[in-house]
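If you want the building blocks of each chain, they are given just below.
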Amino acid sequence: MGKDGMNEVGVGNVFLPLLQKCAASKRKSGDDPVEVVDDFGVSRGIKSANRKVVDSVTVADECTVLGVSCNPKSFGKSLAASDEVPPKEDLKTLKILSYNVWFAEDIELRIRMRAIGDIIQLHNPDVICLQEVTPDIYAILQRSNWWKAYKCSLSFDTANTRPYFCMQLSKLPVKSYSCKQFSYSAMGRELCIAEVSAQGGTPLVVATTHLESPCPGPPKWDQMYSKERVKQAQEAVAFLKVNPNVIFCGDMNWDDKLDGEFPLPDGWIDAWTELNPKEIGWTYDTKSNPMLSANRKLQKRLDRFLVGLRDFKVECVEMVGTEAIPEVTYMKQKKGGKEVELPVLPSDHFGLLLTMAAL
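These lines cover the structure that appears in this document, whether it is placed above or below.

**Regarding the overall build of the protein chain**
On a plain count of helices and strands, the protein chain comes out with 8 helices and 22 strands. Counting only residues that meet the buried cut, the protein chain has 55% of its 359 residues in that class. Summarising the internal contacts of the protein chain: among those between residues at least 6 apart in sequence, 71% fall at separations of at least 24. Split by element, the accessible area of the protein chain, about 15900 Å² in all, is 49% carbon and sulfur.

Printed below as a string of structure tokens:
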């Protein structure tokens, strides 16, 4: 990514939580909009459009959240009624969800997190790997009924000590949760590892990360952190490859043109390219994601599933969270001061859902 692609300048949003408190709940409804900088250094001034404040949740006068009809008076009741975890249909099938949930707390945070909760309930993943979780996001998700079926890698007290982080949740028996620091990260990035037991006690390692983000800006426009990102990927796979069954997923921030091929060990596959060879698989896409349509054009396959399995086979990998939340919009200020009203999706990234089966 070069200077020509950057029409607006700001602090890369990987540093945003370090510069302002992650406490949307403390902001008054009448406060001025906060200027936020997106994943790739593009400044955006935003505010909610046509909203009433209902029980600390901003919603439209009449809305439907992922198919659940609601109005301000029954919003909480409708969502609570949907918080039932569906039964598992196939004991031999496992599902793993990877999702960068976007730490932009000033864009309909509660509604977006409820939408992600709806996705979790719909697909009923056995293991969930989330990136860009903030303490506020943790608190919102923790209050959901579906949360009770999972064991989380972080306690609330631990989560409260960090501006943002990766987090894992598992329905499968957990042998251990751990984190491995990279040899270098200017952004506090790390490798998070869950050792779980699948059917019959088969060992499975599910790891997630958020590799170093590109943050081009003045004066040189060259802060792409490619060398750091490649080094982190190499360290991660070197640590994980000794295990017979590994799922490595997350927001890799990977740019094949800049970073080269992802350093896969022998016998590993990139699940998306292996199973969907005719589909590009952009998980950050300013064209397909209407919430980002006012941003400069950017289409990247940032999120990935890298897989090395002995006792399982991957059956499919698909995108989730690709639809706008009905009747929910926000206002974005474009360069030059003009404001546009845009739809709201669960996140600025699309999530990935991997399905695999025991051999």
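**With respect to the sheet that holds strand E8 (residues 127-133)**
Strand pairing in a sheet relies on backbone hydrogen bonds. The paired strands run either parallel or antiparallel. If you trace the 6 strands from one edge of the open sheet to the other, you get E9-E10-E8-E7-E22-E19, paired in mixed fashion. Of all strands in the sheet, those with a lone pairing partner are strand E9 (151-152) and strand E19 (312-320), marking the two edges. Where strand E7 (residues 93-100) and E8 come together, 5 bridges link them in parallel fashion. Note that in E8 the partner of Ser 98 across the bridge is Cys 129. The sheet strands contacting helix H3 (residues 109-123) are E7, E8, E19 and strand E22 (351-358), and the helix crosses E7 at an angle near 170°.

**Focus: the packing of aromatic side chains**
For the coordinates displayed, the defined rule picks out 7 aromatic pairs. Aromatic pair Trp 146 and Trp 147: ring centres 6.1 Å apart, planes at 50°, arrangement tilted. Comparing Trp 146 with Trp 147, the two get one shared label, buried. Site record: aromatic cluster; members linked through ring pairs are Tyr 138, Trp 146, Trp 147, Tyr 150 and Phe 156.

**Some remarks on the sheet that holds strand E12 (residues 190-197)**
Strand order in the open sheet formed by 6 strands is E11-E12-E13-E14-E18-E15, with mixed pairing between adjacent strands. Of all the strands in the sheet, the pair left with one neighbour each is strand E11 (174-181) and strand E15 (269-270). As paired strands, E15 and strand E18 (residues 303-308) are joined by 2 bridges and run antiparallel to one another. Its bridge partner being in E18, Asp 270 is matched across the sheet by Leu 306.

**Some details on the pairing of E18**
Among the 6 residues in E18, 6 count as buried, and that is most of the element. Covered by surrounding structure in E18 are Asp 303, Phe 305 and Val 307 together with Arg 304, Leu 306 and Gly 308, the residues of both alternating faces. Where strand E14 (residues 246-251) lies against E18, 6 bridges are found, and the strand directions are antiparallel. In the strand pairing of E18, Cys 249 is matched with Phe 305.

The rules behind these values
- Residues numbered from 1 in each chain as written.
- Predicted model: local features only at pLDDT ≥ 70, side-chain atom pairs only at ≥ 80, totals over all residues.
- Heavy atoms only, no water.
- Helix = DSSP H or I, 4+ residues; strand = E, 2+ residues; numbered from the N terminus.
- Buried < 20%, exposed > 50% of the residue type's maximum accessible area, 1.4 Å probe, protein only.
- Contact = heavy atoms within 4.5 Å.
- Areas by Shrake-Rupley, 256 points an atom, 1.4 Å probe, with all protein chains shown as cover.
- Pairing = 2+ DSSP bridges.
- Axes fitted to C-alpha atoms, helices over the stretch in contact; angles between N-to-C directions.
- Phe/Tyr/Trp six-rings, centres within 6.5 Å; stacked < 30°, edge-to-face > 60°.

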